[in-house]
Amino acid sequence: MMRTHTCGDLRAAHIDQTVTLCGWVQNRRDHGGIIFIDLRDRYGLTQVTFDPDLCGAAAHEQANRIRSEWVLKVTGTVKSRGDRKNPNLATGEIELFVTGLEILNQAATPPFEIDDHVKVSEEPRLKSRFLDLRRAPMQRNLITRHQVMQVVRRYFDANQFLEVETPTLCKYTPGGARNFLVPSRMQPGSFYAMAESPQLFKQLLMVGGYDRYIQIARCYRDEDLRNDRQPEFTQIDLEMSFIDMDDIMDMGEGMARQVWREVLGFELPAKFRRMTWTEGMLKYGSDKPDLRFGLEIVDLTDWAPTSGFSVFQSAVANKGVVRAINAKGASEQLSRRTLDALTEQAKGLGAKGLAWIKIGADPAKAEDWQGPAAKNITPEARAELGRRLGVGPGDVLFFGADREKTVCTVLGGIRLELGRNLLKLARQDDWQFLWIHSAPLFEWSEEANAFVANHHPFTCPYPEHLDALTTDPGSVLSKSYDMVLNGNEIGGGSIRIHDAATQSKVFAALGISPEDAQRKFGFLLHALSFGAPPHGGMAFGLDRLVMLITGAESIRDVIAFPKNQRGRDEMLDCPTPVSDRQLKDLHIVTAAPAAATAP
RNA sequence: GGCCUGGUAGCUCAGUUGGUUAGAGCGCCGCCCUGUCACGGCGGAGGUCGUGGGUUCAAGUCCCAUCCAGGUCGCCA
């Protein structure tokens, strides 16, 4: 080893010891005679002091030339700082008086400062990621990610789970995310698909008798990127046999509790809140409600016909719904300008407009109800509305009147904007977990003019709903569950269909013919016919989990080498064109412009 | 693919109704300084204002197109 200690190690107990440190130059303070250098590694910062009387003229001369980010090896004596301690530094009680210096490497002037005080935007950071990784926030995030992974592995190991790796080069299956494709050299014209998840493999492992499976699995999806979506990302993937919904949910909760306990020192509740999908949509307009604040949605559909307001009445007449949010006492925080911006936002979410009412000092007075919808509501209806919404002085009411799906989207969006941004009711370190379970098995797709699987086509319906598969597919609920944290879906899964007969019925309801099913999922149906155990599982998004734990604004900040929004890695300059020779080996002809191919 | 925001020095940003030689802080370079710790002092270098076109006596500023970055909707079973 070149060093005896790290830059975060030394304390008063080391005083008078001779030690050797290695690290990068964080900062140099040259006083003409005495020179201070803050030496940095991932463990901390130590002040090393070049006193010309102690370090010798040669070392002092060299210390004069040293610049930021040079790599040094320094040997010297640990001394007390006396009354010049630095309370901001873990090693601030001591300093190292250098007696020997070796410059291990010089460094070009970095494109940005490796310094927490200096803001740097993402573009230069990603371009020189190796420098960005030296910065404390990135180091903290990656260390936290490591800790989470270790806790997860220990937890599942202690619960008799087996870690099994599954292929990332696999077969294209229709439906779901767009796959990255990999051309086969040995099978001209054929392609592997990069796994979008280990879903089918883990079910096959259950058939294979591995009744508790875990994998920290890399997944690939060729879809547009977001601050919480990367083309390759990591799932904590698990599957269990001989279980029902509660068992998986308990296991997932246990993992979350242990992660929060060991990584954050925070004790989560012994039982997470559970809510059906239907209740979530009704009260929060979302399948992933943020429960850090109230602002619950109230259904007024039965009241609307009596309201006297034609917009509400016609919404109900057209088989829609009318619902509302009461932002208690928010009147002063919501200016006319803000309300206009909210209205624009509502339109962006699909609403025709946003009816709102501002309540003045006396809710009993008609003139204290102000806003686009206020005048149109009859006095009797207003009194009833006041009771239902618990209206008081200074409240602001927001209404949605449209098809149910639109109202959920709009009021759900308005609720988030109010709670998170406008009224600032949500704290980052307030951990509100819940389960959203029993979502509809199918969702009507306007685009396909057919029912499509809400989760995936192997999700098990409640047995008592099986008959409705043919008569009313939209009403069938599934044994599905999502773990939601502060409005983010951090994990989800389902009980799977384990018998071929039920699977065939679901395929039929989805309009997949037996021949189609055989061609696309034949291997699964085949496997199910050989004694598949009842099974189910779930997967957590590791990147999102770590993002929330660290408070990072993007999963890019918890991934060592992420891609930008266009899927490019500007450090590697990737993706790149390849040579004609390579394409020929792969039996590929590109339709891209000639300029995009490499020589 | 749609919408929103942005692009000015290595970094973070300012730049008025279009008007002299485009500024600041940090960083960088040089000199000075023996107790600083985001040290301090003095001096200096550094810009095709993303790119192309247009309007104008005059464009960082106005118009059009385009590229890039981020956010968002679609998409993500």
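Quick look at the environment of Phe-266 now. Position of Phe-266 relative to the elements: it lies in the loop between helix H7 (245–264) and strand E12 (273–276). Given the relative accessible area of 34%, Phe-266 is considered partly exposed. Note: C-alpha distance between Phe-266 and Ala-383 (117 residues apart in sequence) is 45 Å. The contacts of Phe-266, once residues within four sequence positions are left out, are Trp-260, Arg-261 and Trp-431.

Turning to the domain arrangement of chain A, a few remarks are in order. In terms of domain boundaries, chain A breaks down into domain 1 (12–105) and domain 2 (293–426). The C-alpha-based centres of domain 1 and domain 2 are spaced at 64 Å.

Two orientations exist for strands paired in a sheet by backbone hydrogen bonds: parallel and antiparallel. The sheet built from five strands is open, its strands ordered E13-E14-E17-E15-E16 with antiparallel pairing. The open sheet is flanked by strand E13 (297–299) and strand E16 (369–370), the only strands paired with a single partner. When strand E14 (residues 321–327) meets strand E17 (residues 396–402), the two strands line up antiparallel, connected through seven bridges. Residue Asn-326 lies in a different strand from E17, and its bridge partner there is Leu-397. Sheet strands in contact with helix H9 (residues 310–317) are E14, strand E15 (355–359) and E17, and its direction is about 40° off that of E17.

With that settled, consider the sheet that holds strand E3 (residues 44–50). Judged by pairing direction, the barrel is mixed, and its five strands sit side by side in the order E1-E2-E3-E5-E4 before closing back on the first. When strand polarity is set aside, the average angle formed by the axes of neighbouring strands in this sheet is 55°. Pairing of strand E1 (residues 18–30) with strand E4 (residues 71–80), which is carried by seven bridges, proceeds in the antiparallel orientation. Within the sheet, the bridge partner assigned to Thr-18 lies in E4 and is Thr-77. On top of the sheet, helix H2 (residues 57–65) reaches E1, strand E2 (35–41), E3 and strand E5 (94–105); it is set at about 75° to E5, its chief contact.

Tracing the backbone through its elements, the reader meets Leu-397 in strand E17. On the accessibility criterion, Leu-397 (0% relative accessible area) is buried. With 147 residues separating them along the chain, Leu-397 and Asp-250 place their C-alpha atoms 38 Å apart. What Leu-397 contacts, discounting residues up to four positions off in sequence, is Ile-325, Asn-326, Ala-355, Trp-356, Ile-357, Ile-359, Trp-369, Leu-385, Leu-389 and Val-391.

A word on the pairing of strand E9 (residues 191–194). Here strand E7 (residues 169–170) runs beside E9; their pairing, made up of two bridges, is antiparallel. Residue pairing for E9: Leu-169 is matched across the bridge by Met-194. In this sheet, E9 lies alongside strand E8 (residues 181–183) in antiparallel orientation, the contact comprising three bridges. The residue of E9 that forms the bridge with Leu-181 is Ala-193.

Turning next to unusual backbone geometry. Cis geometry marks the peptide bond from Cys-574 to Pro-575, where omega comes out at 5°. Positionally, Pro-575 belongs in the loop between helix H16 (542–550) and helix H17 (580–585). The backbone of Lys-424 sits at a positive phi, close to 50°, despite the residue not being glycine. The phi angle at Asp-573 is positive, at roughly 60°, despite the residue not being glycine. Here Asp-573 shows up in the loop between H16 and H17. Judged by its relative accessible area of 42%, Asp-573 falls in the partly exposed class.

Definitions and cut-offs
- Residues numbered from 1 in each chain as written.
- Chains lettered and ligands numbered in written order.
- Predicted model: local features only at pLDDT ≥ 70, side-chain atom pairs only at ≥ 80, totals over all residues.
- Heavy atoms only, no water.
- Helix = DSSP H or I, 4+ residues; strand = E, 2+ residues; numbered from the N terminus.
- Buried < 20%, exposed > 50% of the residue type's maximum accessible area, 1.4 Å probe, protein only.
- Contact = heavy atoms within 4.5 Å.
- Domains from an automatic or database assignment.
- Pairing = 2+ DSSP bridges.
- Axes fitted to C-alpha atoms, helices over the stretch in contact; angles between N-to-C directions.

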